[in-house]
Amino acid sequence: MAGKNIKVLLVEDNPGDVFLLQEFLKEVTTVVVDLIRVVRLSEALNYLAKEIFDVILLDLSLPDGQGLETFVITHNHAKATPIIVLTGIDDETLAIRAMQEGAQDYLLKGQVTGDLLVRSMRYAIERQRADNALRQSEERFRVALKNSPIFVYNQDMELRYTWVYNPSDGLTVEEMLGKQDLDIIPVEDAQHLITIKRGVLTTGIGTREEVSITIKDTTRYYDLTVEPLRNESQEVVGVTCASIDISERQAALRERKLAEEKIREQAALLDVTTDAICVRDLNNQILFWNKGAETVFGWQATEACGKNASKLLFDEPSPEIEAALLQVLSKGKWQGELTKLTKVGKEILVASRWSLVCDEQGKPKSILTVDTDITEKKLLEAQLFRAQRLESIGTLASGIAHDLNNILTPILAGAQLLPLKFPNIDERTRHLLEILEINAKRGADLVKQVLSFARGVEGKHITLQLRHLIVEVAKILKETFPKFIEVSTDVPQDLWMVFGDSTQLHQVLMNLCVNARDAIPSSGSLSISAENLLIDENYARMNLEAKQGPYTVITVLDTGVGIHREILDRIFEPFFTTKDVGQGTGLGLSTVLGIIKSHRGFVNVYSEPGNGTSFKVYLPAVEGMETITPEELPPQRGHGELILVVDDEVAIQEITRTSLEAHNYKTLIASDGMEAIALYAQYRDKISAVLMDIMLPSLDGLTAIRTLRKINPQVRIIASSGLTSDNKLSAVAAIGVNTFLSKPYTVNELLLSLQKVLS
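Residues numbered from 1 in each chain as written. Predicted model: local features only at pLDDT ≥ 70, side-chain atom pairs only at ≥ 80, totals over all residues. Heavy atoms only, no water.

Draft legend 1. Focus on the overall build of the protein chain. A count of helices and strands for the protein chain gives 25 helices and 29 strands. Looking at the protein chain residue by residue over its 759 residues, the buried ones come to 41%. Taking the contacts inside the protein chain whose residues are at least 6 apart along the sequence as the reference set, 61% of them involve residues at least 24 apart. Looking at the protein chain as shown, the accessible area adds up to about 41500 Å², and 54% of this sits on carbon and sulfur atoms. (Helix = DSSP H or I, 4+ residues; strand = E, 2+ residues; numbered from the N terminus. Buried < 20%, exposed > 50% of the residue type's maximum accessible area, 1.4 Å probe, protein only. Contact = heavy atoms within 4.5 Å. Areas by Shrake-Rupley, 256 points an atom, 1.4 Å probe, with all protein chains shown as cover.)

Draft legend 2. Up close: the sheet that holds strand β27 (residues 687–693). Reading across the sheet, the five strands line up as β26-β25-β27-β28-β29 and stay open at both edges, with parallel pairing between neighbours. Each of the sheet's edge strands pairs with one partner strand only, and the pair in question is β26 (666–670) and β29 (739–742). Pairwise comparison of adjacent strand axes, ignoring direction, gives a mean angle of 20° for this sheet. Sheet analysis places strand β25 (residues 642–646) next to β26, joined by five bridges and oriented parallel. Within the sheet, the bridge partner assigned to Ile643 lies in β26 and is Thr667. Seen against the sheet, helix α22 (residues 673–683) touches β25, β26 and β27 and runs at an angle of roughly 140° to β26. This element, helix α23 (residues 701–711), spans β27 and β28 (717–721) of the sheet and lies at about 160° to β27. (Pairing = 2+ DSSP bridges. Axes fitted to C-alpha atoms, helices over the stretch in contact; angles between N-to-C directions.)

Draft legend 3. Looking closely at the sheet that holds strand β7 (residues 105–108). Sheet architecture is open: five strands sit in the order β2-β1-β3-β6-β7, paired in parallel fashion. Of all strands in the sheet, those bounded by a partner on one side alone are β2 (32–38) and β7. The average angle at which neighbouring strand axes cross in this sheet is 25°, direction not considered. Two elements, strand β3 (residues 55–58) and strand β6 (residues 83–87), share three bridges in a ladder whose sense is parallel. Looking across to β6, one finds that Ile56 is bridged to Ile83.

Draft legend 4. Focus on the packing of aromatic side chains. In this structure the tally under the stated criterion is nine aromatic pairs. A ring pair is formed by Phe602 and Tyr618, whose centres lie 4.3 Å apart and whose planes are at 10°; its orientation type is stacked. Here Tyr618 lies in strand β24 (residues 613–622) and Phe602 lies in strand β23 (residues 602–607), a separation of 16 residues in the sequence. Put simply, the rings of Tyr539, Tyr551, Phe602 and Tyr618 pair up and form one aromatic cluster. The side chain of Lys7 reaches across the aromatic face of Phe53, ending 5.0 Å from its centre. (Phe/Tyr/Trp six-rings, centres within 6.5 Å; stacked < 30°, edge-to-face > 60°. Lys NZ or Arg CZ within 6 Å of the ring centre and 35° of its normal.)

Draft legend 5. Region of the structure containing the pattern of salt bridges. For the coordinates displayed, the defined rule picks out 11 salt bridges. Between Lys7 and Glu51 there is a salt bridge, with the nearest N and O atoms lying 2.8 Å from each other. Of this pair, Lys7 sits in strand β1 (residues 5–11) while Glu51 is found in the loop between α2 (41–50) and β3, placing the two residues 44 residues apart along the sequence. What makes Lys7 partly exposed here is its relative accessible area of 24%. As a salt-bridge pair, Asp181 and Lys197 come within 3.0 Å of each other at their nearest N and O atoms. Pair noted here: Asp181 is in helix α7 (residues 181–184) and Lys197 is in helix α8 (residues 187–203), with a separation of 16 residues, a long-range link. Per residue, the accessibility class of Asp181 equals that of Lys197, and both read buried. (Salt bridge = Lys/Arg side-chain N within 4 Å of Asp/Glu carboxyl O.)

Now the structure itself:
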């Protein structure tokens, strides 16, 4: 619906709320909202009688209508138009009742933004359309069944009737529900039906047969279809049946009709399936060959029909094929896995199902074969089982190592602390404590070996200068990537060295860059940068995988489509991919993570849909650096200034509060934009600066910053985010933010940023 007009009827008597909504909608550029406003319910009903609207925004408190009754009246006058209840009353019971009565959404005025309102209207329109289509479909289905001679019903595992529609033989729905066939029809006929249905329950394969039922010396014939009824877990929980009375048809006409119906089913259904479906006579000559068979085996129908199936699909006769043929002739069905040949001689593995087809006299006349190509599935299953086994072993090893660490930590600490607590102990006791400490350390070293195993086998590690590796990768990218992708690098000459495997780190960079390339649909840029980072305690507490000390950080930043928040946490899972089938295995990022963990590093990813993605790879730096580590500026202490910290992560709130208060600052904490605005309005004369996260729930950081600017144009603001793309920095700069602080940040970086804005 992006780019189209939305015609909206706003039923609202509060001018202030109307003005605020109009201001919010002005900020939305993706759609044009044609807003018609009325203040009374009666006016709204007049409009609805003569005009059609895309959506209705309805306040429940009007001069001539109050509460849920207001919604009910409006909904009855415009059942096909979605209604969004927009009110200042935070009443969950009222919200639930309104939704039960048919409201598409329920929004509180104090929590509404332009984007949220437009998004809610779009969703409401789409849901209303879907509801209307579903109702029309259900009505067509009901009318079709009502006017047809088909008797349909469901039965549970005990073959008791659980749902009945359009019953025959003069029976009523009430007479059938909860009963079995033996309760309502003669025993012999009931036993025949039970045998058919039990067969479907046992095999899970549907069947279609002509059955007869004799009541009071009158025999009637039915065309009966029985299919397994499955639950959400694909478990068979009963049968679903459709029965048509064909008693008036002559035998010849019935046979021809059934044949024609099978042909129509084959034409309409079999040719759209990806399964290979083949019908062959008892001499193994192919009679029918669907499009799925053409795709799977490569032979066209004109080439396959009339040919011997065994000579066409098998290299040589095998006992397995002979056994399958004997079983299908004796029992009517066979299924299993077979290796068959394609036209080009390639071997593929198929899941094959054979069914015997009989004529009206019950004599076998042909064999129906359904083949599903499972070659790739089997390969993936083998990879998955191997990965699961390795993961299970690694998890077990990690769990043991974790428990051992918990046991050894107090032992080692006690062995080191006791000599300090009792300095005058005798020499023998001191020697015993030294033995205890030495053996605890040996145990700790053993734990490290277990953890090394759990993280995977490491390659040959040497001291590396990543600058050369980045230059080499960039050269490859510029020569192989599409010309519409601009590749750039930014690597300092004094980049610190790392200890690692050159081949594995090269693979990490290539995997990240290939993913970035696939995320850029047309034109865009890909940059690889590196920097030195000295991680302090504050930074390490923000990221549990980090440790204090020097790190070399590689950043791969693209301007692609970005990653949605709901799948961001899953991107490192083995075999998880959003790419189309055949375009990705889902192993690239899991490989990246495994390699970096084996180098004792970690990976952070920041992304926003439409604004690109940034992967940051942190590797511990080692001695042997080309230049001296730049000196850290001394931390700057505050003078009791009050800082408003706005972040939705509790851990970051607490760490930032502790860091600031330890350096003589005072803090106020807000978890979202709305709370930040409220706190600033209350303490604006006392707050010296605001540290604002850009990505916040309810009200995003950029909108909150704009609002704070309206309250106080001189407010000092430090914007913070994990994604430092050009688009994000431009947006931050455009609204007058004093400085930008990239996450995760050290105490020194935080204090320097505060010093910059406060001075």
